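Okay, here's what each chain looks like letter by letter:
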Amino acid sequence: MADDTPAQQDSKLTITKRKWADEGKFLTGHHARPETDRLPPGQHLVKNWPVLDLGQQPSISTAQWKLEVHGFINNPLTLDWAAFRALPQTDMLSDIHCVTTWSRYDNNWKGVSTRDFLDLVDPKEEAHSVMLTSYDGYTTNLLLSDFSSPDAIIVTDWEGAPLTEEHGGPVRLVVPHLYFWKSAKWLKRIDFNGMDHAGFWEKNGYHMRGDPWAEERYSED
């Protein structure tokens, strides 16, 4: 017998995600790796979380913090702390890999998944990459396909506590499948661009993408 229950009306979010699935949009080819391939080549495991920065750690309170989002998107916006925390919250577990050869397993994150964030800002067809800008002036670029990976998250908490200043609090990006210089600390601005422009380290000899398993450390790799 046919089911005569009225179909639930599709939301804009559902329609958008279905369209992305049909088009294969944002697919990266990234898959879960077997335990034997968990540690990228040239890396060693650490239990602590080493601190690396450009020599300064900006002190940004949650009352001061804002995230500006511009470029090839249908919904440019500026989020303050309350507005960001009101977005759908996600918990994720992932490893991280620094270009300086350390890796740390099983980090517990909380924040807004980049896929939920993309639903909010609604990228235009012209959008191909993003440029991240931090409160200390740091910049780094990502392909939109990498920014939108299933395990990428805009983080406010680590291991059940607010992200500390030295690790990029109050808000940073985490993209686990790329070297960690791509996961900008003290996130201030995201620009959606039509072309992939080099950020700070990319202008200083680092690889434009930074895949740890391909050892894309430097521009000649």
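Report follows, based on the coordinates. Numbers given to residues run from 1 along each chain, matching the order in which its sequence is written. Given that this is a predicted model, residues contribute local features only at a pLDDT of at least 70 and side-chain atom pairs are listed and counted only at 80 or more, while totals for whole chains, interfaces and linings are drawn from all residues. Excluding hydrogens and water, the side-chain figures rest on all heavy atoms present in the structure.

### Description of the layout of surface pockets
Over the atoms rolls a probe the size of a water molecule, and its path tells where empty space is left.
Move 1: Put simply, the grid is 1 Å and covers the protein atoms alone, a cavity is a trapped set of points that fit a 1.4 Å probe, a pocket is an open set with protein on both sides within 12 Å along at least five of seven lines, and lining residues have an atom within 4 Å of a point. Grid points are joined across faces, edges and corners, and a volume is the space filled by probe spheres set on the points. Put simply, the largest pocket is a space of about 390 Å³.
Move 2: In terms of lining residues, the largest pocket is bounded by 23 residues, among which L52, D53, F180, W181 and W201 are the most central.

### Describing the pairing of strand β7 (residues 139–143)
Move 1: Only protein chains enter the accessibility calculation, which uses a 1.4 Å probe; a residue whose area is less than 20% of its type maximum is buried, one above 50% is exposed, and one in between is partly exposed. Secondary structure elements are taken from DSSP: a helix is a run of H or I of four residues or more, a strand is a run of E of two residues or more, and numbering for both begins at the N terminus. Most of β7 is tucked away, with 4 of its 5 residues classed as buried.
Move 2: We treat two strands as partners when DSSP finds at least two bridges between them. Between the antiparallel neighbours strand β6 (residues 129–134) and β7 lie 4 residues, among them G137 with a positive phi of about 95°.

### Here's the deal with the sheet that holds strand β2 (residues 66–71)
Whether parallel or antiparallel, the strands of a sheet pair through hydrogen bonds between backbone atoms.
Move 1: Taken in spatial order, the 5 strands line up as β3-β2-β11-β6-β7 in an open sheet, and their pairing is mixed. Edge positions in the sheet fall to β3 (77–80) and β7, since each of these pairs with one other strand and no more. Along the sheet, successive strands turn relative to each other by an average axial angle of 15°, direction set aside.
Move 2: With 4 bridges joining them, β2 and strand β11 (residues 187–193) adopt parallel strand pairing. When the bridges of β11 are listed, V69 appears paired with I190.
Move 3: Sheet strands touched by helix α3 (residues 114–121): β2, β3 and β11. Its angle to β3, the strand with the most contacts, is close to 130°. Whenever a helix is involved, its axis is fitted only over the stretch in contact; in every case the axis is a line through C-alpha atoms, and angles between N-to-C directions fall within 0 to 180 degrees. By definition in these notes, contact holds between two residues if any of their heavy atoms fall within 4.5 Å.

### A few points about the packing of aromatic side chains
Move 1: Think of it this way: a Phe, Tyr or Trp ring, Trp meaning its six-membered ring, pairs with another when their centres are within 6.5 Å, and the plane angle makes it stacked under 30 degrees, edge-to-face over 60, tilted otherwise. Tallied over the entire structure, the rule returns 14 aromatic pairs.
Move 2: Each ring, one from W49 and one from W109, has its centre 5.6 Å from the other, and the planes form 80°; the classification is edge-to-face. Taken together, the residues W49 in the loop between β1 (44–45) and β2 and W109 in strand β5 (residues 102–113) connect sequence positions 60 residues apart. Taken individually, W49 and W109 each receive the classification buried, so the pair is uniform in this respect.
Move 3: A centroid spacing of 6.5 Å and a plane angle of 70° characterise the contact between W102 and F180, whose relative ring orientation is edge-to-face.

### Some details on empty space enclosed by the protein
Move 1: This model, assessed by the stated rule, comprises 1 cavity of 30 Å³ or more.
Move 2: Estimated volume of the largest cavity: approximately 30 Å³.
Move 3: Lining the largest cavity are N141, L142, L143, D146, L178, K182, D196, M208 and R209.
Move 4: Among the elements that make up the lining of the largest cavity, the one with the highest residue count is β7 (3 residues).
Move 5: Taken together, the residues that form the lining of the largest cavity break down as 4 nonpolar, 1 polar and 4 charged. Each residue receives one of three labels: charged for Asp, Glu, Lys and Arg, nonpolar for Ala, Val, Leu, Ile, Met, Phe, Trp, Tyr, Cys and Pro, and polar for the others, Gly being one of them.

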